[in-house]
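# Observations on chain architecture
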Amino acid sequence: MRRAEQARERRNRVLVIGASVVAVAGLVAGGVVLVRSQDDKGGDVATSDSSGKGRFVTGKDGVRTWEGKLSRNHVTKAVKYASEPPVGGDHNPVWMNCNGDVYTEPLKNTNAVHSLEHGAVWVTYNADAGKADVDALAAKVKKTPYTLMSPVDDQKDPIMLSAWGHQRTVTGAKDPNVDAFFEKFVQGAQTPEPGAACTNGLSK
């Protein structure tokens, strides 16, 4: 009887130890999965947005219109846009101030795209743009609510105008297409969120 009792105690200890090992292993595995999941959500790896599923079509007026769905999800990662500068797609939850704001340093596309969603026109230029044109356009932007301006080094043309889903190149500040684009697209019919604020966002 004593030997039988000792055998039962040994079996019980083995079962308890085995169950503890399994439980600890499960906790460790779960922790690893959780950490990896958090890393995936919090990293800086760029994500693609649905603007890659469409294409630009150029109208008779020279304005290029994006044909295809432009997603509007709020994301905190970088986004690989289909054009430079982009005309829409997933974007950061915080917009760039666009109440006639002129920036002298490049902006994060994800913040500027949010401004486009609010109905802003984004004036951009690269190193090939003339100083006189840049200064004149900056003066125009400063007088126009729902606009912003910044350099974009990688754009293909010296001066470009962008709105949500629309874009065009202009030859300079005196190009009549500047006024035409502003008139049509500043808080225009293309605006996904008409009347949304262009203040209280980021100011660089």
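Sequence order as written defines the numbering, with residues in each chain counted from 1. The predicted origin of the model limits local features to residues at a pLDDT of at least 70 and limits the giving and counting of side-chain atom pairs to 80 or more, whereas totals for whole chains, interfaces and linings rest on all residues. No hydrogens and no water enter the side-chain calculation; it runs on all heavy atoms of the structure.

- If you look the protein chain up in an unreviewed UniProt entry, it shows as DUF3105 domain-containing protein from Streptomyces indiaensis.

## Points about the state of the cysteines
- Any pair of cysteine sulfurs within 2.5 Å is marked as a disulfide. Evaluation of the coordinates by the stated rule reveals 1 disulfide.
- The side chain of Cys98 participates in a disulfide bridge whose partner is Cys198; the two sulfur atoms lie 1.7 Å from each other. Negative torsions about the S-S bond denote left-handed disulfides, and the value of about -90° found for Cys98 with Cys198 makes this one left-handed. Of this pair, Cys98 sits in the loop between β4 (79-80) and β5 (99-102) while Cys198 sits in the segment after α4 (176-185); the two residues are 100 residues apart in sequence, bridging distant segments of the chain. Here Cys98 and Cys198 have matching classes, each one buried. By definition, any uninterrupted DSSP run of H or I lasting at least four residues is a helix, any uninterrupted run of E lasting at least two residues is a strand, and each is numbered from the N terminus. Three labels apply to residues, based on accessible area from a 1.4 Å probe with only protein chains included: buried if under 20% of the type maximum, exposed if over 50%, partly exposed otherwise in between.

## Considerations on the nonpolar core
- By nonpolar core we mean a set of buried residues, namely Ala, Val, Leu, Ile, Met, Phe, Trp, Tyr and Cys, connected to one another through side-chain atoms within 4.5 Å. Judged by nonpolar contacts, the single largest core of 21 residues is most densely connected at Leu107, Trp122 and Leu148.
- Take this core: its biggest share by element is 3 residues, from helix α2 (residues 109-117).
- Contact definition: two residues touch when any of their heavy atoms are within 4.5 Å. When sequence neighbours within four positions are dropped, the list of residues in contact with Leu107 reads Met96, Ala112, Trp122, Leu148, Ser150 and Lys204.

## Some remarks on the pattern of salt bridges
- Any Lys or Arg side-chain nitrogen located within 4 Å of an Asp or Glu carboxyl oxygen qualifies as a salt bridge. Per the counting criterion, the structure on display carries 5 salt bridges.
- For Lys140, the salt bridge goes to Asp179, with nearest N and O atoms at 2.7 Å. Taken together, the positions of Lys140 in helix α3 (residues 131-142) and Asp179 in helix α4 put the pair 39 residues apart, joining distant regions of the chain.
- Among the residues examined, Lys140 registers a relative accessible area of 24% and is labelled partly exposed.
- Taking the relative accessible area as the measure of exposure, Asp179 reaches 46% and is therefore partly exposed.
- A salt bridge links Asp157 to Lys156; the shortest N-O distance between them is 2.7 Å.
- Judged by its relative accessible area of 18%, Asp157 is buried.

## Some points on the side chain of His166
- Summarising the element assignment, His166 is placed in strand β9 (residues 166-169).
- Leave out the neighbours within four places in its chain, and His166 touches Val63, Arg64, Thr65, Val87, Leu161, Phe181, Phe185 and Gln190.

## So, the sheet that holds strand β7 (residues 147-151)
- Strand pairing follows a simple DSSP-based rule, namely that at least 2 bridges must link the two strands. Taken in spatial order, the 7 strands of this open sheet run β2-β3-β9-β8-β6-β7-β5, and their pairing is mixed. Among the strands making up the open sheet, the edge pair consists of β2 (55-58) and β5. Each strand axis lies, on average, 20° off the axis of its neighbour in the sheet, ignoring direction.
- Note that strand β6 (residues 121-125) and strand β8 (residues 159-163) share 4 bridges and pair antiparallel. By the bridge assignment, Tyr125 is partnered in β8 with Ile159.
- On top of the sheet, α4 reaches β6, β7, β8 and β9; it is set at about 10° to β8, its chief contact. All axes here are fitted lines through C-alpha atoms, helices being fitted over the stretch that makes contact, and every angle between N-to-C directions spans 0 to 180 degrees.

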